[in-house]
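# Observations on chain architecture
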Amino acid sequence: MNGCGLYVHVPFCDSKCGYCDFYSVALKGRSAGPLVTRTIQELGLRTLGGAAIETVFVGGGTPTVLPIDDFRRLFAALDGVVGAHAVVEFTVEANPATLDDQKLSVMTAAGVNRLSMGAQSWHVDELAALERLHSPDDIAPGVAMARRHGIGNINLDLIFGIPGQTVQRWAESLRRTIDLGVEHIACYGLTYEPGTRLTAQRAAGRVTPCDDGIETDMYGVALETLAQNGYGQYEISNFARAGGACRHNMMYWRNRSYIGVGPSAAGCVNRRRYKNVADVAGYIRRMDADGMAEAESEHLTREMFAGEMLLMQLRLTDGLDVTAFRQATGLETGSAFGGRLDDFAERGLLRITEDGIALTWAGTLAADWVIAELYAAMDLSGAESQHVASAIG
Amino acid sequence: MTDQRLIRNFGIIAHIDHGKSTLADRILERSGAISKREMREQFLDDMDLEREMGITIKANRATVRHVHKGEEYMLNLIDTPGHVDFHYEVSRAMAACEGVLLLVDASQGVQAQTVANAYIATDANLEIIPVINKIDILGAHPDEVALEVEQVLGLAADEALFVSGKTGQGIDELFAAICERIPAPGGDRAAPLRALIYDAKSDPHRGIICHVRMVDGCIKRGDAIHMMRGGSDQIVTEVGKCTPKPTPMPDLSAGEVGYVLAGIKTLADVNIGDTITHEKHGATDPLPGYKTPQQMVYCDFYPGPGTTTQGLREAMERLWLNDSSFTYGPTSSDALGVGFRCGFLGLLHMKIIQERLERESDVSLVQTAPTVTYEIVLRTGEVVTILSPSQMPDPSHIEEIREPFCRASVIIPVDCVGTLMTLALERRGTQTGTEYLSKTRVMLRFEFPLGEIIYDFYDKLKSITRGYGTVDYEVTGFRAGQLVKMDILVNAVPVDALSIIVHRDKALFRGRRLVSRLRKEIERHQFEIPIQAAIGGKIIARETIKGFRKNVTAKCYGGDVTRKRKLLEKQKEGKKRMKQVGMVSIPQEAFMAVLDPGDD
Ligand SMILES: Nc1nc2c(ncn2[C@@H]2O[C@H](COP(=O)(O)OP(=O)(O)O)[C@@H](O)[C@H]2O)c(=O)[nH]1
Ligand code: SF4
């Protein structure tokens, strides 16, 4: 129960998708070796401490694009970590088209037991609009291959609100994903992040975002269809069959500690947050010069932590854990939010019980607003962060 | 003790920017009162805010020596406030003088404040010396300006002086004129003490400094004194003169100008215009002309987020002890909570107080629209004064509603008369006179309901006259009008801070305009927000702010929490400038939107 998570960021992809704002670069022609070496180095340093690691998540980027030798080295190092801890969930992100038997063997040998794949859509034109490289035909074989290697826990990511997408076609993508019998499905609404190609295209008028109302309907369809097929919602975008919730992501959402390794990775250990340099060359340089590559770090005050609990936990279907909140912050939920909880409950946006404060269906649709309002109502006066510039951890 | 015959008490009056401060500096410098080294630019304007806003808020003063025809004169310069909002203070400062220098910019010519100030000086029977300033600048036409002065104010053009405060040209003649043309003060040094308090300042170390004009008698340290209007008694701890630094003197006697310290702690304990006399063998009649300052413009200050009512109260108290020209009292609003209703001499005054509060006490304020006071005649015959639309009695009890009127003089280029008349009509003005200053400039006189011009009349005037127009006004009294109270409902909740009193004929127009402005000022919320204008329960205008259907980020919400928290913090910061009414956040701008009379 007191374990922490470990996240490893592999910042390479085959090519950059138009909507993506994760830190990743196209690998083409580059050597991944130097980066993998530093990542392994950081991994060693960060896992030296006593904290028990319970979950591992290798994401990116697309970890599976690493050349096989680098891939092996990274997973051998991770194997070492897993061996030393009681890891219960070990996830790797993959794109359906980048999986092969060799890499799957490497992964399973290291203890990987969960795969998260970016399916996104079952329609060629939608995948093209997202600038994804794979084809709908890659999805089922990818899942089948993983199954052959004994991966018992698979997630598929789907995106709704794609320009040109209709509710019906979205329902189709959902249906076909469900038919594959995966344990976990994540449904993300397409967002226009600053600095992405997609956002530039929208600004230039070449892309027309999906209508607000249609997107709402799509979200509703997802909730309904998934529920009917035994996928329970446990977070705004995440659905799982019984027992299939992603334990690693729950670490984030329950404000537990986690270690982040690799360029742009963020970590939070004992209420000290840090974020690594989001740049491969810069990361390598800092690792070599300082032995760490943090771009920023801050110590969370009690009030800041309370704010983070609100913002993360309200996204969960079970909501904010009142007891945990009290224990972690010494604050009472009744008073911490300027007495506004009841306002929202009266409007049918929040469900308040003895041990939890959760969004209702109507509240879920308005989650950003409800969270912003409650956050604004909090007295964070003790909340100046002590910003520590890129010092060694 | 200076021979009364050799004392000259004078002020400088001018339209803003016509060079009053510069000339005052020059006079101090020329008389050697302060050396060049000591000379800060514009020594007399000593508040930062004044400097920033480019106006003189509080009168300052200095006593200098000048030798004229072999005799040493004592010249007391009394610097008067320049803005229309401070009429009473100007009149008290002038009551301390025997003469004034009426300063007129040689390129700008006579402006509205020139006229207004000259009238006050005439009323006070002062010797007025027209001084045409800035003759050094290109485009100066001093002779024409002197003729304008003659035309409008009846002051002979050939008696005008021509100077430049900047180069010092004409300053010697100016000194000579002060000595020769301004009468020596009268007053009986043997009579019981009467000293006019024409200004008072708070000093952090010395308490309250009363600036006085000695009318009769003599005052010295240790005297037991009595405030004839305020009624309090004090012991004098120091008397002195400003040279311009406060310099103690053994005594002050009739005809002189100086300051008195008497252990007074707060400005609230001093009334400008009050008469000081001795506790024993005092004078029987106070000096005439005393008025309690009349606040004409009211608005509410509510604590914004991060500020408590108590915090705001303390900030107001602190400021009030320093500047009691405004009033404040508790008020509350269903929509905005507990705050303060504040009275000001005018709009500029309001702005100054608001900025000083925010700056000096670091409080955040939500300010409601300024309104004027109204007199309500009830069916019972009783007359009540209301300070805000929310105090309006039930319409069934009202016989009539009276609003304050003012007399305004507007000076504009002749070719702008048409546009000005349109504006004046929209503001329910009636023209009462026209005077030509020259072939190109004209002075129009109007009567306006004060409420129609307090907000943006000045800006409008400036824009229609390309900056050349000037206005000055004086409140004359209350008159009955066809007035109604208009309520604004946001999401079905009446927001009393948004209600206004309007003329019946303009209600529909203002109502429509207002709800449409509010629709733009208030952001979309999660739900639909109706905005309505209503008179006596009847909706006359309505707009709707559409709600969001969906407001949720359904994305991969991973470990980079700092970024998410920063975003929420930014939103929270933005909300600080808002007021929460039910579930609706109303930005400060919305409260100012009610001001907009909507003629553009
Ligand atoms: N050229 C010129 N400029 C002047 C003269 N007197 C004042 N000014 C300028 O006019 C502006 C307003 O002067 P100021 O003394 O602040 O005016 P006040 O508002 O009447 O106190 C300033 O920029 C001064 O430098 C003058 O005699 N000649
Ligand atoms: S594959 Fe994933 S990480 Fe890579 S660019 Fe596309 S969305 Fe971003």
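Basis of the calculations
- Residues numbered from 1 in each chain as written.
- Chains lettered and ligands numbered in written order.
- Predicted model: local features only at pLDDT ≥ 70, side-chain atom pairs only at ≥ 80, totals over all residues.
- Helix = DSSP H or I, 4+ residues; strand = E, 2+ residues; numbered from the N terminus.
- Buried ≥ 20, exposed ≤ 12 C-beta atoms within 10 Å, placed from the backbone.
- Contact = placed C-beta atoms within 7 Å.
- Nonpolar A, V, L, I, M, F, W, Y, C, P; charged D, E, K, R; others polar.
- Core = buried A, V, L, I, M, F, W, Y, C linked by C-beta atoms within 7 Å.
- Near = placed C-beta within 6 Å.
- Axes fitted to C-alpha atoms, helices over the stretch in contact; angles between N-to-C directions.
- Parallel < 35°, antiparallel > 145°, perpendicular 65-115°, else oblique.
- Left-handed = near helix turned anticlockwise from the far one by under 90°.
- Pairing = 2+ DSSP bridges.
- Arc of directions from axis to C-beta.
- pLDDT = per-residue confidence, 0-100.

All right, on to the overall build of chain A then. In terms of regular secondary structure, chain A is built from 16 helices and 18 strands. Buried positions account for 50% of the 393 residues belonging to chain A.

Broken down by element type, chain B carries 14 helices and 34 strands. Per-residue burial for chain B yields a buried fraction of 49% across its 600 residues.

With that settled, consider the interface of chain B and chain A. Across the boundary between the two partners, chain B contributes 23 residues, which contact 34 residues of chain A. Among the residues making up the side of chain B that touches chain A, the classes are represented as 8 nonpolar, 7 polar and 8 charged.

Now for the nonpolar core. All names here are of chain B. Val100 and Val410 are the most contacted members of the largest nonpolar core, which totals 163 residues. Per element, the largest residue contribution to this core is 7 residues, and it comes from strand E24 (residues 398-413). Residues within four places of Val100 in sequence aside, it is in contact with Phe10, Gly11, Ile12, Ile13, Met94, Ala121, Leu126 and Ile128.

Residue and element names in this part refer to chain B. Close to ligand 1 lie 16 residues; Gly19, Lys20, Ser21, Thr22 and Lys166 are nearest. Take the shell around ligand 1: its biggest share by element is 3 residues, from helix H1 (residues 20-30). For the shell around ligand 1, a count of residues per class yields 3 nonpolar, 8 polar and 5 charged.

So, about the packing of helix H11 (residues 302-313) of chain A against helix H16 (residues 367-377) of chain A. A pair of packed helices is captured by two measures, namely the crossing angle of their axes and the spacing between those axes. All names here are of chain A. Closest axis-to-axis distance for the H11/H16 pair is 10 Å, and the angle between their directions is 165 degrees. By the angle between their axes, H11 is roughly antiparallel relative to H16. Here the hand of the crossing between H11 and H16 comes out right-handed. Contacts between H11 and H16 pair Gly307, Leu310 and Leu311 from the former with Ile371, Leu374 and Tyr375 from the latter. Classifying every residue of the contact of H11 with H16 gives 5 nonpolar, 1 polar and no charged.

Now for the sheet that holds strand E2 (residues 61-68) of chain B. All names here are of chain B. Taken in spatial order, the 6 strands line up as E2-E3-E1-E4-E5-E6 in an open sheet, and their pairing is mixed. At either margin of the open sheet sits one strand with a lone partner, and together these are E2 and strand E6 (161-162). Note that strand E1 (residues 7-14) and strand E4 (residues 99-105) share 5 bridges and pair parallel. Each bridged residue has a counterpart across the sheet, and for Phe10 the counterpart in E4 is Gly99. This element, helix H4 (residues 112-123), spans E1, E4 and strand E5 (127-133) of the sheet and lies at about 170 degrees to E4. Seen against the sheet, helix H5 (residues 142-153) touches E4, E5 and E6 and runs at an angle of roughly 155 degrees to E5.

Time to look at the packing of H11(A) against helix H13 (residues 561-575) of chain B. At a minimum axis distance of 10 Å, the contact between H11(A) and H13(B) shows a crossing angle of 100 degrees. With respect to H13(B), the axis of H11(A) lies roughly perpendicular. Contact with H11(A), carried on its side by Gly307(A), Glu308(A), Leu311(A) and Met312(A), involves Val561(B), Lys564(B), Arg565(B) and Leu568(B) of H13(B) and no other residues of that element. A per-class count over the contact of H11(A) with H13(B) returns 4 nonpolar, 1 polar and 3 charged.

Right, let's talk about helix H5 (residues 139-148) of chain A for a bit. Residue and element names in this part refer to chain A. Among the residues of H5, Ile139, Gly142, Val143 and Ala146 are the ones counted as buried. Relative to the axis of H5, the buried residues are bounded by an arc of 95 degrees and lie together on one face. Exposed side chains of H5 directed beyond 90 degrees from the buried face belong to Pro141, Ala144 and Arg148. Residues of H5 that are buried sit in contact with helix H3 (101-110), strand E6 (114-120) and strand E7 (153-160). Taken from the residues just after H5, Gly150 is the one with a positive phi, measuring 85 degrees.

We now examine the environment of Thr199(A). All names here are of chain A. Mapped onto the elements, Thr199 comes out in helix H7 (residues 197-203). Overall, the presence of 17 C-beta atoms within 10 Å leaves Thr199 in the partly exposed class. Taking C-alpha positions, Thr199 is 7.4 Å from Tyr19, a pair spaced 180 residues apart along the chain. When near neighbours in sequence (up to four residues on either side) are disregarded, Thr199 contacts Tyr192, Glu193 and Pro194.

Our next topic: the pairing of strand E13 (residues 246-249) of chain B. Residue and element names in this part refer to chain B. Across 4 bridges, the pairing between strand E12 (residues 238-242) and E13 is antiparallel. Across the sheet, Cys242 pairs through a bridge with Pro246, a residue of E13. Hairpin connection, E12 to E13: the antiparallel pair is bridged by 3 residues.

Residue and element names in this part refer to chain A. Read across the sheet, 3 strands follow the order E15-E17-E16 without closing on themselves; strand pairing throughout is antiparallel. If you trace the sheet from one side to the other, it starts and ends with strand E15 (320-321) and strand E16 (350-352), each paired once. In this structure, E15 lies alongside strand E17 (residues 356-359), joined through 2 bridges in antiparallel fashion. The partner of Asp321 across the bridge, within E17, is Gly356.

All names here are of chain B. With 7 of 10 residues buried, strand E7 (residues 194-203) lies mostly within the body of the structure. Here E7 pairs with strand E8 (residues 207-216) via 9 bridges, running antiparallel. Residue Ile197 lies in a different strand from E8, and its bridge partner there is Val212. Counted along the chain from E7 to the antiparallel partner E8, the turn is 3 residues long. With 2 bridges connecting them, E7 and strand E16 (residues 275-278) associate as antiparallel partners. Residue pairing across strands places Ala195 opposite Ile276, the latter belonging to E16.

Turning our eyes to something else, we now look at the confidence of the model for chain B. All names here are of chain B. Across chain B, the average pLDDT comes to 87, with 92% of residues at or above 70. Throughout residues 41-45 the model reports pLDDT below 50, and contacts reaching past four residues in sequence, or to other chains, amount to 15 contacts. The low-confidence segment residues 49-59 (pLDDT under 50) makes 29 contacts with residues lying over four places distant or belonging to another chain. Predicted complex, confidence summary: ipTM 0.87, pTM 0.61.

For the bond from Gly60(A) to Gly61(A), the omega torsion is 20 degrees, close enough to zero to count as cis. With respect to the secondary-structure elements, Gly61(A) resides in the loop between strand E4 (53-60) and helix H2 (68-84). The residue Glu131(A) is not glycine, and still its phi comes out positive at about 60 degrees. For Glu131(A), the position within the fold is in the loop between helix H4 (124-129) and H5. Residue His281(B) is not a glycine yet carries a positive backbone phi of 55 degrees. Within the secondary structure layout, His281(B) lies in the loop between E16 and strand E17 (297-303).

Take helix H3 (residues 87-95) of chain B next. Of all 9 residues making up H3(B), 8 are buried, and the element is well covered by its neighbours. Among all positions in H3(B), only His87(B), Tyr88(B), Glu89(B), Val90(B), Arg92(B), Ala93(B), Met94(B) and Ala95(B) are buried.

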